[in-house]
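These are the residues of each chain, in order.
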Amino acid sequence: MPSFHELGLSEDIVRAVSEQGYTSPTPIQQQAIPAVIQGGDLLAGAQTGTGKTAGFTLPVLQRLLSQPNGPSDKTSRRPIRVLVLTPTRELAAQVQESVALYSKYLPLNSGVIFGGVGINPQIKLLKQGVDVLVATPGRLLDHHQQGTIDLRHIEILILDEADRMLDMGFIHDIKKVLAILPPKRQNLLFSATFSDDIKALADRLLNSPAMIEVARRNSTVEVIAQKIHPVDRDKKHPLLAHLIKSQQWSQVLVFTRTKHGANRLVEQLGKEGITAMAIHGNKSQSARTKALSEFKDGSLSVLVATDIAARGIDIDQLPHVVNYDLPNVPEDYVHRIGRTGRAGASGEAVSLVCVDEFKLLADIEKFIKRQIPQEIIDGFIPDPNAKAQPIQLRSFEGRNHPGNGQRKARPVGSNKPQAAKAPQPRNENAARPQQPKPRNGNLLGGKSAGPRRSGSRGNG
Ligand code: AMP
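All figures in this text were calculated on a predicted structure; none of them were measured in a lab.

**Student:** Which residues make up the overall build of the protein chain, and what values do they have?
**Tutor:** Helix and strand content of the protein chain: 15 helices and 14 strands. Relative to its 460 residues, the protein chain shows a buried fraction of 56%. Sequence separation of 24 or more characterises 78% of the internal contacts of the protein chain that already satisfy a separation of 6 or more. Summing over all exposed atoms, the protein chain offers an accessible surface of approximately 19,400 Å²; the carbon and sulfur share of this is 49%.

**Student:** With reference to specific residues and values, describe the pattern of salt bridges.
**Tutor:** In the structure shown here, the tally under the stated rule is 17 salt bridges. Across the pair Arg233 and Asp356 runs a salt bridge, and its minimum N-O distance is 2.6 Å. Residue Arg233 is located in the loop between strand S8 (224–230) and helix H10 (236–246), and its partner Asp356 is located in the loop between strand S13 (347–353) and helix H15 (358–368); the two are separated by 123 residues in the primary sequence. In this structure, a network of salt bridges that share partners links the residues Lys52, Asp160, Glu161 and Arg164.

**Student:** Which residues make up unusual backbone geometry, and what values do they have?
**Tutor:** Phi is positive for Glu161, which is not a glycine, with a value near 50°. Here Glu161 shows up in the loop between strand S5 (156–159) and helix H7 (162–167). Exposure remark for Glu161: the relative accessible area of 10% places this residue in the buried category.

**Student:** Break down the pairing of strand S2 (residues 82–85) for me, with residues and values.
**Tutor:** Burial along S2 is two-sided: the residues Val82 and Val84 and Leu83 and Leu85 are all buried. Here S2 pairs with strand S4 (residues 132–135) via 4 bridges, running parallel. Each residue of the ladder has a partner; that of Leu85, found in S4, is Ala135.

**Student:** Please give an account of the sheet that holds strand S11 (residues 302–305) that cites residues and values.
**Tutor:** Here we have 6 strands laid out as an open sheet, ordered S8-S13-S12-S9-S11-S10, and parallel in their pairing. Lying at the two open borders of the sheet, with one neighbouring strand each, are S8 and strand S10 (276–279). Strand after strand, the sheet turns through a mean of 20° between neighbouring axes, direction not considered. When strand S9 (residues 252–255) meets S11, the two strands line up parallel, connected through 4 bridges. Pairing of Val252 across the sheet is with Val302, part of S11.

**Student:** Explain the nonpolar core to me, using residue names and the numbers behind them.
**Tutor:** In globular proteins that are soluble, nonpolar side chains generally tend to be buried together. If you look at the biggest cluster of nonpolar residues, it comprises 40 residues, and the most contacted ones within it are Leu42, Leu58, Ile158 and Leu188. Discounting chain neighbours no more than four positions away, the residues touching Leu58 are Phe4, Leu9, Ile13, Val17, Ile33 and Tyr102. Counting residues in each nonpolar core, the second largest holds 33 residues, with Ile113, Val130, Ile198 and Met211 among its members.

**Student:** Before we move on, could you go through the pairing of strand S6 (residues 186–191) and cite the residues and values that matter?
**Tutor:** Within S6, 6 of the 6 residues are buried, leaving the element largely enclosed by the surrounding structure. Here S6 shows no split at all, with Gln186, Leu188 and Phe190 on one side and Asn187, Leu189 and Ser191 on the other all buried. The sheet contact formed by strand S1 (residues 42–45) and S6 spans 4 bridges and is parallel. Directly across from Leu42, in S6, lies its bridge partner Leu188.

**Student:** Break down the side chain of Lys359 for me, citing the residues and quoting the values.
**Tutor:** Relative to the helices and strands, Lys359 resides in helix H15. Polar side-chain contacts of Lys359 include one of 3.0 Å to the side chain of Asp363.

Reading the values: the criteria
Residues numbered from 1 in each chain as written. Predicted model: local features only at pLDDT ≥ 70, side-chain atom pairs only at ≥ 80, totals over all residues. Heavy atoms only, no water. Helix = DSSP H or I, 4+ residues; strand = E, 2+ residues; numbered from the N terminus. Buried < 20%, exposed > 50% of the residue type's maximum accessible area, 1.4 Å probe, protein only. Contact = heavy atoms within 4.5 Å. Areas by Shrake-Rupley, 256 points an atom, 1.4 Å probe, with all protein chains shown as cover. Salt bridge = Lys/Arg side-chain N within 4 Å of Asp/Glu carboxyl O. Pairing = 2+ DSSP bridges. Axes fitted to C-alpha atoms, helices over the stretch in contact; angles between N-to-C directions. Core = buried A, V, L, I, M, F, W, Y, C linked by side-chain atoms within 4.5 Å. Polar contact = N/O pair within 3.5 Å; in protein donor to acceptor, adjacent residues only side chain to side chain.

Following this line, the structure appears as structure tokens:
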């Protein structure tokens, strides 16, 4: 397997990547990085969880470096050279976070703009200038209409999760954006599925693209055994301790929603005689690295992590993942449980779910299009009269999530959650559906507009 360096990335990029704990490129990265560095267009079939973000960000940064333009001083105004369009503001924020991480040692800067928040700070950002701009289409067009953005110097356009953008009704906005951009540019289109609409968009946008496709790194459906343990809110930590001890789990990654929750759980497990360590944004890099390496070498059996901190943890065949709290966003559930069952090995993902989280559970089940089996553990039968409380969202790490208002869980009565209405999006296009439509699932391979295939179908 080629290293990041061998794929053509410069030392300062590789350094930032290594700091994330990535040891080798994922299949999509192995194929996309050289293809993008060569400068051609790209059509990529890759879902979340495959490492697609680094797959386009790293080579794009490399290209910017090899063709310097504008002042290198980070503070002076500079033209926007790369535009990444994403369907949601959450994804926009995540992508920009990744760009910022990977460009840490480069004389390049990045910014993000999306709707639902004040426009003035964004105007200020755009005045200062950024090399890489991540944006949702609606807000980008708002800026264009107001004359607060200059898109005349875009060299590279990336459409991330293009299928979802179309599902959300962004096609007209995308067409408008394309009409504004300079015609001579490199175009990268990433999509999980390839409907006729996506193929039509690819035909219109891409010029003899390289075409790559990778299967999901993990399938939530096939490889990973998922289970829900309904439990009372205040019985979660004794239940977790019970599971770890009775089932003799030797390596378990536990997700909590908040940094505070992670710290508290480490303490509680300690009182039960279980040594655990937490990694989250308030921990120093050295504390994180230490916890991670002890967890990897087996000397630490329980690692507690928040979603953001867990990005970049790549451990082969992690046998157990526990959702101590359910994530707020269904996609994060898939990310989390994707940490187990790697490379065809069987894995188990267990979620401890209390009455407050039934709405979140319903959203997740809707998203993964299946019900997760439930099992009540002896001695931890949930109180049928328990009342749901709003979930504490104050100390969420990082991102703005949609529907961050007070979620009301369904009053308990049975252990089965009811299918619930999708949370109200608060993103720039509140009227547009936020939940992805069921996908037709046809990946590349159908008749497509004759792009050239490069590479093979990987499934690392
Ligand atoms: P994405 O598909 O871009 O959403 O990435 C999924 C996850 O994989 C993110 O948490 C990344 O931090 C992580 N990741 C990306 N590239 C690698 C790599 N080469 N090795 C390990 N983890 C990676």
